[in-house]
Amino acid sequence: MRLAFSLLASILLSVSAFADTLITNVTAITMKGDEVIEGAYVYIRGDRIEYIGNGRYDPKDASNLEIIDGTGKFLIPGLAEMHGHLPQGVANSQQAKDTLFLYLAGGVTTVRGMLGNPVQFEMRQMIKEGALDGPTLYLAAPSLNGSTVSSPEQGAMLVERYHNEGWDLLKIHPGLTLKEYDAIAKKAHEVGIGFGGHVPADVGLIHALNKGQASIDHMDGFIQLAGGSDESLSDEQIRRVVEQYNNTFKSWIVPTQPLFNTLIGGGDVIRLSRRFENKYVSPETRDNWHNRIKAINKRANSYIKDNRDRMLAELYKSGANIVLGSDAPQLYSVPGFSIWREIEALIKAGVTPEDILVIGTRNAGEYFKDKDQFGTIQAGMRADLLLLDANPLENSKNLFKQAGVMAAGRWYSRADIDVKLADIAARNK
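In this report, the structure presented in the accompanying data block is examined. All figures in this text were calculated on a predicted structure; none of them were measured in a lab. (Residues numbered from 1 in each chain as written. Predicted model: local features only at pLDDT ≥ 70, side-chain atom pairs only at ≥ 80, totals over all residues. Heavy atoms only, no water.)

### Quick notes on the overall build of the protein chain
In terms of regular secondary structure, the protein chain is built from 15 helices and 15 strands. In terms of overall dimensions, the protein chain is globule-like: its C-alpha atoms have a radius of gyration of 21 Å, near the 22 Å expected for 429 residues. Projected onto its principal axes, the C-alpha positions of the protein chain cover 60 × 45 × 45 Å. When burial is assessed residue by residue, the protein chain has 58% of its 429 residues classed as buried. Averaged over its 46 positive side-chain charges, the protein chain has a centre that lies 4 Å from the centre of its 51 negative ones. (Helix = DSSP H or I, 4+ residues; strand = E, 2+ residues; numbered from the N terminus. Rg over C-alpha atoms; globule rule 2.2 N^0.38 Å. Buried < 20%, exposed > 50% of the residue type's maximum accessible area, 1.4 Å probe, protein only. Lys, Arg positive; Asp, Glu negative; His and termini not counted. Charge placed at Lys NZ, Arg CZ, Asp CG, Glu CD.)

Shown next as structure tokens:
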């Protein structure tokens, strides 16, 4: 029975994947400024948006056309996971298939994979060809850290190698010396590859910003600079750090707020274990998470959550460049749905529904503007779309009320997604 169920899911997805698509009579929140088009028609050919407007659109060739009635629904660009992780094993393993589909099931149509493995090139190509269901992938090279880099010369050599291999960016991890980091940054600028991730302790936030680090992930550099690891920060301490950020290179900030608050500050074991999305990971993983939380709680940092929450709120109020990222899959951080948890953290930080949409969609397109065009609903843009049952401009949690997802022109209805999710859950009982 389970085999038949799985086969049905595969058939449903493959049938809906390749047809040109016309979405009719939808409210399109285009993310082109504050433009909202009522009664919009959106025509998708291949992986591109060909037309969007509030007049009826009749395609020249309707022989291979899927029509989606958008009446009463809202259309936005797909969400981006700007600090996600991808499987390291066989490209089309069951783990890879599940992980990639879970991203889609949460409305994530773009993932910036932040720990490179060569198999991910094959994975990306299979997604492009339609052999795997998944988001568009941008790939960080294998980590540059204190264990993989032993000298400035070696660091520069690795940068050139990774650039030549075709990675989209470099991943910075802790442990690099200042000289190694500077050599990496210099060579990265020379060859034209961005670098982002952690801020090594010997480097510090301001130096990393001055060297043009493209993203500061997890906000650890901000907390380190403010001295907020071991004491409660004052409002003035937080403002001073935020002001320093705004006076240097305004790198993109990827907060990964819920995960890092939990990793450092602990969490409610019972509440976390009851999250609905946990059923999509293995019992062994759930047990491991449960035990890790109990261990973290014994040594939890009592300052970190409040310091990080207030730092994020102040960064947002100051106009910082923020993108959405959750560091999935990790501790109670299930791919796709962990972005929902990140959105909840942004709501808590006082981010408006309009700005959450900007952070989750258009900003990612701006970050990757040298790679492709996406993040807004306009002709010529990659057809990454999220169809919603309720208006996300009224309440950001309406982003979770998803009627369907389109990833690079491939459409997955709510029914398609639910069938596949049920299959994943059944295998993880």
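### Focus on the sheet that holds strand E7 (residues 108-113)
The parallel open sheet is built from three strands, whose spatial order is E6-E7-E8. Edge positions in the sheet fall to strand E6 (79-84) and strand E8 (136-139), since each of these pairs with one other strand and no more. The sheet shows a mean angle of 15° between the axes of neighbouring strands, direction not considered. Two elements, E7 and E8, share four bridges in a ladder whose sense is parallel. Its bridge partner lying in E8, Val-111 is registered against Leu-137. The strands that helix H2 (residues 94-105) touches are E6, E7 and E8; relative to E7, the one it contacts most, it runs at about 130°. Packing of helix H14 (residues 353-367) onto the sheet brings it into contact with E6 and E7, and relative to E6 it is tilted by some 60°. (Pairing = 2+ DSSP bridges. Axes fitted to C-alpha atoms, helices over the stretch in contact; angles between N-to-C directions. Contact = heavy atoms within 4.5 Å.)

### Remarks on the sheet that holds strand E9 (residues 169-172)
Pairing is parallel in the open sheet, where four strands are placed in the order E9-E10-E11-E12. Each having just a single partner strand, E9 and strand E12 (252-254) make up the two edges of the open sheet. Direction aside, the axes of adjacent strands within the sheet are offset by 25° on average. Summarising the sheet, strand E11 (residues 215-217) and E12 pair through three bridges and their orientation is parallel. Bridge pairing links Ser-215 to Trp-252 in E12.

### Focus: the packing of helix H4 (residues 152-165) against helix H5 (residues 178-191)
It is at 8 Å that the axes of H4 and H5 come closest, and there the two elements cross at 30°. Put simply, H4 runs roughly parallel to H5. Between H4 and H5 the crossing geometry is right-handed. Of the residues in H5, those in contact with Pro-152, Gly-155, Ala-156, Val-159, Glu-160 and His-163 of H4 are Lys-179, Glu-180, Ala-183, Ile-184, Lys-187, Ala-188 and Val-191. Within the contact of H4 with H5, the residues separate by chemical class into seven nonpolar, two polar and four charged. (Parallel < 35°, antiparallel > 145°, perpendicular 65-115°, else oblique. Left-handed = near helix turned anticlockwise from the far one by under 90°. Nonpolar A, V, L, I, M, F, W, Y, C, P; charged D, E, K, R; others polar.)

Function cannot be read off these values alone, since they describe shape.
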